[in-house]
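Inside the fold
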Amino acid sequence: FDEIEVFTTRQDTLASAKEFGIEDKLRSVIGQQWDEDSFQEFIKNLVISKGGKILPSQFIDVYKTGNTKSNKGLKDMDIWFILDDIMYYFEVKTNLDLDSEKSKATDNKIFDITKYLIIENQNTKVKTGILSCWYKREHGLPIKVKTPVCYIEDMFKILNIQCTSDEYYKLMLDFGKSISL
């Protein structure tokens, strides 16, 4: 019975992923731990499926240090893409209940990267923030950052994806079950 239930769950999950155009990517990450990295890959694959261009996000020289021998002074960007002539940059946070030191560091990082992106891309509209895995802001959800938070509902609007809260949470629940096998 358990094998049949697992198989059905996987088939439902794959069917949902196929609707979003990310079936192949979902198959490739089954078996990995669901964490911020997995969530980033999920979002990046949604962006690609909607015609967005993912930009290289490793170690941007925000402070113009000229450093090429180490990562010191360079910033890693979680999700950075262009869609419809708008540049988006998001730091992914699956937990918004950050301690004061971490929330300040996150705010500063996003501010510095945003400033850099605006200066370097003067002819492009730039939108930045924190991307949360929550569908929308829930009552009682602790948020300690000052940076604007983009929820999945907002990301779906950016990507022109029609998905309700119930559909999204079902997909994530099914995905979580699939990768924990």
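Everything below is about the structure printed above this text.
Keep in mind that what you see is a predicted model, and the values were worked out from it rather than measured.

**Re the pattern of salt bridges**
One pass over the full model with this rule turns up two salt bridges. Here lysine 109 and glutamate 91 are joined by a salt bridge, their closest N and O atoms 3.3 Å apart. Here lysine 109, found in helix 4 (residues 100–120), pairs with glutamate 91, found in strand 3 (residues 86–93); they are 18 residues apart in sequence, far enough to count as distant. The pair formed by lysine 109 and glutamate 91 is uniform in burial state, with each residue classed as buried.

**As for the sheet that holds strand 4 (residues 125–132)**
In a beta sheet, neighbouring strands pair by backbone hydrogen bonds and run either parallel or antiparallel. With mixed pairing, the five strands of this open sheet are ordered in space as 1-2-3-4-5. Where the open sheet ends on each side, the last strands, each with one partner, are strand 1 (53–54) and strand 5 (149–150). Here strand 3 pairs with strand 4 via eight bridges, running parallel. Each bridged residue has a counterpart across the sheet, and for tyrosine 89 the counterpart in strand 4 is threonine 128. Of the strands in this sheet, strand 2 (79–83), strand 3 and strand 4 are in contact with helix 4, which crosses strand 3 at around 165°.

**Brief notes about unusual backbone geometry**
Positive phi outside glycine occurs at aspartate 84, with the angle close to 55°. Relative to the helices and strands, aspartate 84 resides in the loop between strand 2 and strand 3. Although it is not a glycine, aspartate 85 sits at a positive phi angle of roughly 65°. By the element assignment, aspartate 85 lies in the loop between strand 2 and strand 3. Classification of aspartate 85 by relative accessible area gives exposed; the value is 67%.

Procedures and definitions
Residues numbered from 1 in each chain as written. Predicted model: local features only at pLDDT ≥ 70, side-chain atom pairs only at ≥ 80, totals over all residues. Heavy atoms only, no water. Salt bridge = Lys/Arg side-chain N within 4 Å of Asp/Glu carboxyl O. Helix = DSSP H or I, 4+ residues; strand = E, 2+ residues; numbered from the N terminus. Buried < 20%, exposed > 50% of the residue type's maximum accessible area, 1.4 Å probe, protein only. Pairing = 2+ DSSP bridges. Contact = heavy atoms within 4.5 Å. Axes fitted to C-alpha atoms, helices over the stretch in contact; angles between N-to-C directions.

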